[in-house]
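One letter stands for each residue in the lines below.
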Amino acid sequence: MKRITLTRFLIDEQYNRKAVPADLRLLIEVVSRSIKAISTTVGKGALAGILGDAGSGNIQGEAQKKLDVIANEILLEANEWGGHLAAMASEEMEGPHAIPHRFPKGEYLLLFDPLDGSSNIDVNTSVGTIFSVLRCPEGVTTPTESAFLQPGTAQVCAGFAVYGPSTVLVLTLGAGVHTFTLDRELGGFVLTQQHVQIPADTQEFAINMSNMRHWEPPMKRYVEEMLAGKTGPLGRDYNMRWIASMVADVFRILTRGGIFMYPRDNKDPSKPGRLRLMYEANPMAMIIEQAGGAASTGRERILDIEPSALHQRVAVILGSKNEVERVVSYHRVVGE
Ligand code: AHG
Ligand code: MN
Ligand code: MN
């Protein structure tokens with residue numbers, strides 16, 4: 001098979017398919033270089049003294065791991081001077097990060113979850129990076145939080161990396177989903193799957209079952225029906241997987257189908273869900289939809305949500321279309 005590098009793929013998208021403007025192509029190249037750097041750092045593990053807590057907390061009251069901080073710095077540093085961005089925002093920073101005046105500015109906004117699945121770092125299980133690209137609103141020269149508050153449908157690009165047995169990069173520019181694998185010897189990403197399609201049906205679900213007592217009735221009903229197996233109302237046996245790294249769970253779904261749920265629960269009424277809309281749910285929802293799947297909160301399409309805050313949380317139900325639609329239909333049942 002002819003090897004198509006990420007660079008070659010993006011150039012082809014720009015010149016032959018007119019699917020990506022030059023500055024967005026260069027922005028993606030810079031993001032992919034940061035991902036390569038994070039992958040190398042993650043791979044060193046205990047040898048580089050990068051495991052464990054950073055001793056600090058982020059704006060969301062979560063303890064930061066050393067790698068959360070390192071990955072955030074790698075992304076900030078690499079993307080600051082490229083000239084393609086107006087500002088950046090991250091899970092690990094309270095507000096937008098402005099591009100320093102000494103560097104040229106561009107017309108895009110980059111949002112990221114630098115290290116997804118932080119609880120897995122120290123136990124040597126897959127982690128990843130998620131990112132989303134928006135256009136900076138016209139006339140805005142110093143983007144504040146409000147410039148970022150655009151619905152997921154406005155994303156011009158979304159992607160994520162998984163630092164697993166191999167490092168993979170999943171990318172969409174709004175015309176299908178493509179997967180690249182890092183060639184560690186040559187130091188570049190190579191196209192390994194084009195136009196990924198998620199099967200519409202699945203018998204595999206991913207949810208943190210320990211939260212069951214906090215879920216709303218439609219979610220309890222769905223999971224109980226799956227657990228009932230062949231003799232239950234769904235008439236078939238289901239299998240369960242939960243990696244506790246959304247990147248790894250979503251990559252599995254892109255590979256062989258499945259449904260991923262981090263539903264709304266009543267553990268803490270101030271938080272409608274665990275995952276963050278702007279840099280977790282939206283990019284993943286765009287990728288899943290572009291691969292033929294569906295992504296909903298149970299009540300509305302994730303990509304249609306009008307955001308109200310940079311770090312707002314949201315319920316996430318995504319993956320194989322027919323199962324996601326089943327969960328949505330359970331939410332519609334009167335009284336639930
Ligand atoms: P992050 O490490 O960026 O905070 O995100 C972790 C997320 C997501 O990757 C995963 O699906 C979920 O949190 C795991 O949550 P539980 O620990 O509640 O299972
Ligand atoms: Mn995350
Ligand atoms: Mn994170």
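Provided above is the structure to which this section pertains.
Because the structure is a prediction, the values reported are computed rather than measured. (Residues numbered from 1 in each chain as written. Chains lettered and ligands numbered in written order. Predicted model: local features only at pLDDT ≥ 70, side-chain atom pairs only at ≥ 80, totals over all residues. Heavy atoms only, no water.)

**Some details on the site of ligand 1**
In step 1: By nearness alone, 17 residues border ligand 1, and Asp116, Ser118, Asn208, Met246 and Tyr262 come closest of all.
In step 2: Between leucine 115 and ligand 1, the recorded distance is 3.4 Å, taken from a backbone N or O atom to an oxygen atom.
In step 3: One nitrogen or oxygen atom from the side chain of glutamate 280 is found 3.5 Å from an oxygen atom belonging to ligand 1.
In step 4: Taken by itself ligand 1 offers 470 Å² of open surface, and the protein chains cover 87% of this.
In step 5: Structurally, ligand 1 is housed in the largest pocket. (Near = heavy atom within 4 Å. Polar contact = N/O pair within 3.5 Å; in protein donor to acceptor, adjacent residues only side chain to side chain. Areas by Shrake-Rupley, 256 points an atom, 1.4 Å probe, with all protein chains shown as cover. 1 Å grid on protein atoms, 1.4 Å probe; cavity = no way out; pocket = protein on both sides within 12 Å on 5 of 7 lines; lining within 4 Å. Sits in = over half its atoms within 2 Å of the grid points.)

**Some details on the layout of surface pockets**
In step 1: The volume enclosed by the largest pocket comes to roughly 390 Å³.
In step 2: For the largest pocket, the lining is made up of 25 residues, of which Gly117, Ser118, Ser119, Ala244 and Arg274 are closest to its centre.
In step 3: Of all elements in the fold, only strand E2 (63-65), strand E5 (108-116), strand E13 (259-262) and strand E14 (275-276) reach the threshold of two or more residues within the lining of the largest pocket.
In step 4: Its residues assigned to classes, the lining of the largest pocket shows 8 nonpolar, 7 polar and 10 charged. (Points joined across faces, edges and corners; volume = space filled by probe spheres on them. Helix = DSSP H or I, 4+ residues; strand = E, 2+ residues; numbered from the N terminus. Nonpolar A, V, L, I, M, F, W, Y, C, P; charged D, E, K, R; others polar.)

**Regarding the environment of serine 90**
In step 1: Tracing the chain through its elements places serine 90 in strand E3 (residues 85-90).
In step 2: Accessibility expressed as a relative area gives 0% for serine 90, which makes it buried.
In step 3: Between the alpha carbons of serine 90 and valine 127 there is a distance of 16 Å; along the sequence they are 37 residues apart.
In step 4: Excluding residues within four positions of it along the chain, serine 90 makes contact with Asn72, Phe112, Pro114, Tyr279 and His311. (Buried < 20%, exposed > 50% of the residue type's maximum accessible area, 1.4 Å probe, protein only. Contact = heavy atoms within 4.5 Å.)

**Brief notes about the pairing of strand E7 (residues 157-163)**
In step 1: Counting buried positions along E7 gives 7 out of 7 residues, so the element sits mostly inside the fold.
In step 2: Alternating residues of E7 divide into Cys157, Gly159, Ala161 and Tyr163 and Ala158, Phe160 and Val162, and every residue in both groups is buried.
In step 3: Bridge analysis of strand E6 (residues 127-135) against E7 gives 7 bridges, and the strand direction is antiparallel. Bridging across to E7, isoleucine 130 finds its partner in phenylalanine 160.
In step 4: One ladder, built from 6 bridges, connects E7 with strand E8 (residues 167-172); its direction is antiparallel. Across the sheet, phenylalanine 160 pairs through a bridge with valine 170, a residue of E8.
In step 5: Counted along the chain from E7 to the antiparallel partner E8, the turn is 3 residues long. (Pairing = 2+ DSSP bridges.)

**Quick look at the pairing of strand E17 (residues 316-319)**
In step 1: What you see with E17 is no split at all: Val316 and Leu318 on one side and Ile317 and Gly319 on the other are buried throughout.
In step 2: As judged from the 4 bridges shared by E13 and E17, these two strands associate in the antiparallel manner. When the bridges of E17 are listed, phenylalanine 260 appears paired with leucine 318.
In step 3: Alignment of strand E15 (residues 294-296) against E17, held across 3 bridges, turns out to be antiparallel. Looking at the pairing, alanine 294 lines up with glycine 319 of E17.

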